[in-house]
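Inside the fold
Now for the letters of each chain:
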Amino acid sequence: MKVVNANEKVSIKLRINGKDYEDVVEPRKLLVHALRDLGFTGVHVGCDSSNCGACTVIMNGKSVKSCTLLAVEANGADILTIEGLEKDGKLHPIQEGFWEKHGLQCGYCTPGMIMEAYFLLKENPHPTEEEIREGISGNLCRCTGYQNIVEAIKYASEKMNSKTD
Ligand code: FES
Ligand code: FES
């Protein structure tokens, strides 16, 4: 077992949005800060107690709150952030849904909310309104009152299903 002292730094590798990155971090560095320092500043910090979900990213296929993981724990992981969703300048249907249905105001919760919606729709392509609300219950928004976020996710679900059905 490799032991690392508190004042030592560790080399880690992360695959982010399909590209490989190497970083050298202190063991105590949170993944959210590592991602932001690598330039993925769409990943936000909204709290210090794991409630808000503004830091949500997809790691190895699961949605995670990147403020509750150490960067060293993510060594070798495959991570998708909001910056990796559009393809060749074309918005992902969830991004389009948030625009069309006015699912954001200040935009601070939006990257995390969209990544959670991405995970939700991957797990459950036809969610009911209740399932959508449950699915995003780890993501807080102070602006929208959630209604238009639910509409945005419904829009994305319909659009994504019409493509694949
Ligand atoms: S920053 Fe609030 S849950 Fe991660
Ligand atoms: S749009 Fe402002 S916090 Fe959600």
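In this report, we go over the structure that sits alongside the text. Fair warning: this is a prediction, and the values are worked out from it, not measured in the lab. (Residues numbered from 1 in each chain as written. Chains lettered and ligands numbered in written order. Predicted model: local features only at pLDDT ≥ 70, side-chain atom pairs only at ≥ 80, totals over all residues. Heavy atoms only, no water.)

1. Points about the side chain of Thr56
As for its position among the elements, Thr56 is in strand β3 (residues 56-59). For Thr56, a relative accessible area of 4% translates into the label buried. A distance of 2.6 Å separates a polar side-chain atom of Thr56 from the backbone oxygen of Gly53. One polar contact links Thr56 to Asn139, side chain to side chain, over a distance of 3.4 Å. (Helix = DSSP H or I, 4+ residues; strand = E, 2+ residues; numbered from the N terminus. Buried < 20%, exposed > 50% of the residue type's maximum accessible area, 1.4 Å probe, protein only. Polar contact = N/O pair within 3.5 Å; in protein donor to acceptor, adjacent residues only side chain to side chain.)

2. A word on the layout of surface pockets
Its volume calculated, the largest pocket comes out at about 190 Å³. Lining the largest pocket, in full, are Gly46, Cys52, Ala54, Cys106, Tyr108, Cys109, Leu140, Cys141, Arg142 and Cys143. When the residues that make up the lining of the largest pocket are grouped by side-chain class, the tally is 8 nonpolar, 1 polar and 1 charged. Viewed by domain, the lining of the largest pocket spans two of them, domain 1 (10-83) and domain 2 (93-162), each represented by three or more residues. (1 Å grid on protein atoms, 1.4 Å probe; cavity = no way out; pocket = protein on both sides within 12 Å on 5 of 7 lines; lining within 4 Å. Points joined across faces, edges and corners; volume = space filled by probe spheres on them. Nonpolar A, V, L, I, M, F, W, Y, C, P; charged D, E, K, R; others polar. Domains from an automatic or database assignment.)

3. Examining the packing of aromatic side chains
For the structure shown, the criterion picks out 1 aromatic pair. Centre to centre, the rings of Tyr21 and Phe40 are 5.5 Å apart; their planes meet at 80°, and the pair counts as edge-to-face. With Tyr21 in strand β2 (residues 19-25) and Phe40 in the loop between α1 (31-37) and β3, this pair connects stretches of sequence that are 19 residues apart. For Phe40, a relative accessible area of 8% gives the class buried. (Phe/Tyr/Trp six-rings, centres within 6.5 Å; stacked < 30°, edge-to-face > 60°.)

4. Here's the deal with empty space enclosed by the protein
All chains considered together, the criterion is met by 1 cavity of 30 Å³ or more. There is about 30 Å³ of room inside the largest cavity. In this structure, the largest cavity is lined by Gly42, Val43, Ala54, Cys55, Thr56, Val57, Thr81, Ile82, Pro111, Gly112 and Met115. Looking at the lining of the largest cavity, the element that brings in the most residues is helix α3 (residues 110-123), giving 3 residues. The residue makeup of the lining of the largest cavity, split by class, is 7 nonpolar, 4 polar and no charged. Shared between two domains, the lining of the largest cavity takes at least three residues from each, and those domains are domain 1 (10-83) and domain 2 (93-162).

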